[in-house]
Amino acid sequence: MRSVSSIFKYIWRIINGTRKVIINLVFFIVLAIFLASMISGDDPIEVPENGILVLNPQGILVEEKTWVDPIDKFFSEALGSGNDIPEVLVTDVVESIEMAQNDDRIGALYLDLQDLYPSGINKLNAVTEALEEFRTSGKPIISNADYYAQHQYYIAAHADQLYLNPMGGVVFEGLDYNQVYFKELLEKLKVKPHVFKVGKFKAAVEPFIRNDMSDEAREANETLYNELWAEFRNNVTATRNINPRLTSGKIDDYMAAFEEANGDMARMALDNNLVDALKTRTEVRNELINLAGLDEEKETFKHITFDNYLTAQKPPMPAPKAKDKPKISVVVARGQIVDGSQKAGMIGGDSTAKLIRDARNDENTKAIVLRIDSPGGSAFASEIIRQELLQAKEDGIPVVASMSSVAASGGYWIAADADKIIASPTTITGSIGVFGLLMNLEDSFAAIGIHSDSVSTTEIESINPLEEMTDYQQKMIQKSVENTYDNFLSLVANARNMSKDDVHEVAQGRIWTGRQAMKRGLVDTLGDYDDAIKLAAELASIEEYDVNVVQQKLSPQEQFFAELFNNSAASDLLPKVSRDSSSDWLLKLFSDVQSETAVLRNFNDPKNIYSYCALCPQPR
């Protein structure tokens, strides 16, 4: 019989051998990718004459893409486990439309919106405004889909010809907000949440202490979403003469139209002017072939997708900008605000402050635009960013805060001291409030036999999540929360030339749309990203300038692997594994819960104090 040590040695040899095989496999894959990228001679992308630009965004529209390690991204996509929510830069979509407008090679625009995810209304508006400008060129816009979700239809409504599959449909379900609540789960796990807050509308902590919405949260939600839905509905009906009963939101109106169409949703869409015609995929394809001609190699109409079109238009090495030309530096602040440094897609107090510092230290920067798409987060990190903006102003550089879909709580904190604040009518902002949140695990760990005990040289002990919080610890945190809220009120009052009482009246965690916020003095004007750039130029008194988006610099290693694994030749080396979508509905439920808990994992404020808007739609 083998001794115990011999068995462990045998097991270790197996593990070590497996480890070496995996390491060697990864090494040879990377080597093959590198060689493939070196010898690949991909043909340049060509724009077909009289071709059709296919606008087919696949994912959610975002201001800034989330950083993903290129190695992780390559293998996850190859193994079919890529990001469940892909991202598309809204600026890329808009830029492709703008370039195609005056490109003689592009004869028409085709909207393929089947894979567009729900996105902020202001981002959808950026696309529709570009489409309306494109129409002035006289080139047709054609849209077709098997089924239009309402956010897809919002864009498709701007087409000259709007088609729907005879088996398809269009449904206006309105906007809603869903929140997952964990109170009962925490009780079963014997986890005790300690909550400290100010403001009756600050509902960010409700998921941990309730099983449903409070009356105040419901009131705030209904007010906000009714306003957003009215904006959505008005914009759609202004574009097409839709029968109002389909957008009334009343079930009797909808069912009357449904029954008149004998339960045929496609016929209902046609009868009520939602679409121009019902056409099969083949019929639409043939129409596009007649319009643009046949691409014999691909056996379809001559076309180019918008991402390939952008690649074809941009030179491999962009020309360097004039060093002495004035700049408007744009810093994108997208995602939850957390302490420390973070990659793109999250706002790190240190990393975002550094981007602002890089911008103000550039002698050619004449103005800074802070583009915000954030529900807030760490109060400390928010203040670090605000302090850096104040330094820019002291250096004589005007600052414009440009609000995207969300700029609430900490997102408003970092905007407050800008020289001008500009928001879209549908921006979700305000939520001026503060809370503290700690989880006590003493009972939970005790239930499985884990206990904690400690000694201290003073009575001022540090907080231990495995021990019950003392009265003085709870009092200190509550007082700190109240003090931070008072500071929040003061900085807004000073920045917006309001009294603290007036700020408190519109604060207490209450959320507003951009239009509502402007009426209450929290926003200066309504507009989009381009308007913010123009406003920054006016404040800086400059007419000619470059717009420079300040981005985090990649390390040499990150740059190497980003270029290596993004190489098209490299992408063909591993077989692509398709995921079975039959259980996507179940995975989505787990994904929703995971996204809720991910927010909690990112709560890392050194004082455990947060200015975060849980009711706000999360930017992606």
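Relevant structure appears above.
The following paragraphs examine the structure supplied in this document. All figures in this text were calculated on a predicted structure; none of them were measured in a lab.

Observations regarding the sheet that holds strand 4 (residues 106–111)
- Strand order in this open sheet of six strands is 8-6-5-4-1-11, and the pairing throughout is parallel. Each of the sheet's edge strands pairs with one partner strand only, and the pair in question is strand 8 (277–278) and strand 11 (303–305).
- When strand 5 (residues 141–145) meets strand 6 (residues 161–164), the two strands line up parallel, connected through four bridges. From the neighbouring strand, Ile142 faces strand 6, where its bridge partner is Gln161.
- Taken strand by strand, helix 3 (residues 90–101) contacts strand 1 (51–55) and strand 4, and its axis lies near 160° from that of strand 1.

Some points on the packing of aromatic side chains
- Going through the model one piece at a time under the given rule, you end up with nine aromatic pairs.
- Ring centres of Tyr110 and Phe301 lie 6.0 Å apart, and the angle between their planes is 80°; on these two criteria the pair is classed as edge-to-face. With Tyr110 in strand 4 and Phe301 in strand 10 (residues 300–301), the pair connects residues that are 191 residues apart, well separated along the chain.
- For Tyr110, a relative accessible area of 11% puts it in the buried group.
- On the basis of relative accessibility, which here comes to 8%, the residue Phe301 falls in the buried class.
- Centre to centre, the rings of Tyr254 and Phe258 are 6.2 Å apart; their planes meet at 10°, and the pair counts as stacked. Within this pair, Tyr254 and its partner Phe258 are both found in helix 9 (residues 251–260), separated by four residues, close to a single helical turn.
- Given a relative accessible area of 23%, Phe258 falls into the partly exposed group.
- Three or more aromatic residues link up through ring pairs in this structure, and these residues are Tyr148, Tyr153 and Phe172.

A look at the nonpolar core
- One finds Ile97, Leu109, Leu111, Val127, Tyr153 and Leu274 to be the most contacted residues of the largest nonpolar core, which totals 67 residues.
- Among the elements that make up this core, the one with the highest residue count is helix 8 (residues 215–239) (eight residues).
- For Leu111, the contacting residues outside a window of four places in its chain are Leu55, Leu131, Ile141, Ile142, Ser143, Asn144, Ile155, Ala156 and Ala159.
- Counting 52 residues, the second largest nonpolar core, distinct from the first, contains Val331, Ile347, Ala392 and Met469.

Parameters and conventions
- Residues numbered from 1 in each chain as written.
- Predicted model: local features only at pLDDT ≥ 70, side-chain atom pairs only at ≥ 80, totals over all residues.
- Heavy atoms only, no water.
- Pairing = 2+ DSSP bridges.
- Helix = DSSP H or I, 4+ residues; strand = E, 2+ residues; numbered from the N terminus.
- Contact = heavy atoms within 4.5 Å.
- Axes fitted to C-alpha atoms, helices over the stretch in contact; angles between N-to-C directions.
- Phe/Tyr/Trp six-rings, centres within 6.5 Å; stacked < 30°, edge-to-face > 60°.
- Buried < 20%, exposed > 50% of the residue type's maximum accessible area, 1.4 Å probe, protein only.
- Core = buried A, V, L, I, M, F, W, Y, C linked by side-chain atoms within 4.5 Å.

The values are spatial; any link to function lies outside them.
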